[in-house]
Amino acid sequence: LRRTGRKAQQTMKPICVIPARAGSKRVPGKNMRLLGGEPLVQWITEAALQADIFEKVYISTDAPEMLESQWVDATYDMWRWEFEILKRPPELSGDDVRAEEVFKYVVEGLSEDRPDIVCMAMPTAPFTSPESLRNAYRLMVNCDYDGVFLAVRTPFKTQRTVELTDEGVVVPVSRSWLDMDKQSQDLNPTYRPTYGGMFIKTGELLATTGYYAPHNQGMYEVEHPEGIDIDTEKDFAKAELIVADRC
């Protein structure tokens, strides 16, 4: 857990945006697919609402079933003033549209109601806890970071992995073959984002084109199963086993 940074001068109440489009190539209908009897998108939405740190939680979607008011009323009646479904425009509903683009579109549309901090949380991280979201937000405020994301430690040292380029050349991920010869204990631990929560200052987000990665950025480490990111059918099957074990 990284804790360096500048002391914050004030606290800010953020909003949370959950991108949840209808289409999915690898897991068809993923966001509305039932996990433990609830649509996948419901897991992260309830975590965000229960965190009790957000002014409002938005789901941006083009899925007809999510846009139906009956589903919203039945599922989130107790939070109806803190929750809203936003219809996503067709130009932001394609396979090649990145979640970050949708995030920025929603924040830009808030106009004068923009908070100082915004958060993006993905339905593919269903086991994200309200506590982790609260702690990540507090870390950002207390250390005055420009951004904080939830992350999980990788089970292996990525400095000792390789990738295959388009030209068929094997290169080390760290870009240094020397790392391949180091003892594991001499390598720093590595982490990957869980996509269950990414906080960023609104000004940083709106001023950035393409992928945004603030220079003054921190991370909040979570443990499994919060680190699960559902991207394939195998991932979904693992999530189902975790839910079954909890019963």
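## Observations regarding helix α5 (residues 130-143)
- The end-to-end C-alpha distance of α5, which contains 14 residues, comes to 20 Å, matching closely the 20 Å that a straight helix rising 1.5 Å per residue would cover.
- For α5, the buried fraction is high: 10 of the 14 residues fall into the buried class.
- Of all the residues in α5, the buried ones are P130, S132, L133, N135, A136, Y137, L139, M140, V141 and C143.
- Lining the buried residues of α5 we find α1 (40-51), β6 (117-120), β7 (147-153), β10 (191-201) and β11 (217-222).
- Looking at the residues trailing α5, positive phi occurs at D144, about 55°.

## Observations concerning the nonpolar core
- Counting 35 residues, the largest nonpolar core has C16, I18, F54, V57, I59, L133 and F199 as its most contacted members.
- Listing elements by their share of this core, those giving two or more residues are β1 (15-19), α1, β4 (57-61), β5 (83-87), β6, α5, β7 and β11.
- Formed by 21 residues, the second largest nonpolar core is a distinct cluster that contains V97, F149, I200 and Y212.

## A look at the sheet that holds β11
- Taken together, the seven strands give an open sheet; going across it, the order is β5-β4-β1-β6-β10-β7-β11, and neighbouring strands pair in mixed fashion. Unpaired on one side and paired on the other, β5 and β11 mark the two borders of the sheet. Taking the axes of each pair of neighbouring strands and ignoring which way they run, one obtains an average angle of 25° across the sheet.
- Sheet analysis places β1 next to β6, joined by three bridges and oriented parallel. Directly across from V17, in β6, lies its bridge partner M120.
- Running over the sheet, α5 touches β6, β7, β10 and β11 and is turned about 55° from β10.

## Focus on the confidence of the model for the protein
- When pLDDT is averaged across the protein, the result is 86; 88% of the residues are at 70 or more.
- Across the protein, the secondary-structure element scoring lowest on mean pLDDT is helix α3 (residues 69-76), at 60, and the one scoring highest is α5, at 97.
- Within the model, pLDDT remains below 50 along residues 1-11, and this stretch shows 30 contacts once partners closer than five positions in the same chain are excluded.

## Examining the side chain of N216
- Inspection of the secondary structure assignment puts N216 in the loop between α6 (202-207) and β11.
- When its relative accessible area of 13% is taken as the criterion, N216 is described as buried.
- At 3.0 Å, the side chain of N216 forms a polar contact with the backbone oxygen of D144.

## A look at the side chain of T194
- Relative to the helices and strands, T194 is located in strand β10.
- Separated by 3.0 Å, the side chain of T194 and the backbone nitrogen of G196 make a polar contact.

## What about the packing of α1 against α5?
- The geometry of α1 relative to α5 is characterised by a closest axis approach of 8 Å and an angle of 55° between their N-to-C directions. Of the possible angle classes, the one that applies to α1 and α5 is oblique. By crossing handedness, the relation of α1 to α5 is classed as right-handed. Contact with α1, carried on its side by A47, A48, Q50 and A51, involves P130, L133 and R134 of α5 and no other residues of that element.
- Taken together, the residues of the contact of α1 with α5 break down into five nonpolar, one polar and one charged.

## Describing the pattern of salt bridges
- For the coordinates displayed, the defined rule picks out seven salt bridges.
- D144 is the partner of K201 in a salt bridge, and the nearest nitrogen-oxygen pair spans 2.8 Å. Of this pair, K201 sits in strand β10 while D144 sits in the loop between α5 and β7; the two residues are 57 residues apart in sequence, bridging distant segments of the chain. Across the pair, D144 and K201 agree in class, each one buried.

Rules behind the numbers
- Residues numbered from 1 in each chain as written.
- Predicted model: local features only at pLDDT ≥ 70, side-chain atom pairs only at ≥ 80, totals over all residues.
- Heavy atoms only, no water.
- Helix = DSSP H or I, 4+ residues; strand = E, 2+ residues; numbered from the N terminus.
- Expected span 1.5 Å × (residues − 1).
- Buried < 20%, exposed > 50% of the residue type's maximum accessible area, 1.4 Å probe, protein only.
- Contact = heavy atoms within 4.5 Å.
- Core = buried A, V, L, I, M, F, W, Y, C linked by side-chain atoms within 4.5 Å.
- Pairing = 2+ DSSP bridges.
- Axes fitted to C-alpha atoms, helices over the stretch in contact; angles between N-to-C directions.
- pLDDT = per-residue confidence, 0-100.
- Polar contact = N/O pair within 3.5 Å; in protein donor to acceptor, adjacent residues only side chain to side chain.
- Parallel < 35°, antiparallel > 145°, perpendicular 65-115°, else oblique.
- Left-handed = near helix turned anticlockwise from the far one by under 90°.
- Nonpolar A, V, L, I, M, F, W, Y, C, P; charged D, E, K, R; others polar.
- Salt bridge = Lys/Arg side-chain N within 4 Å of Asp/Glu carboxyl O.

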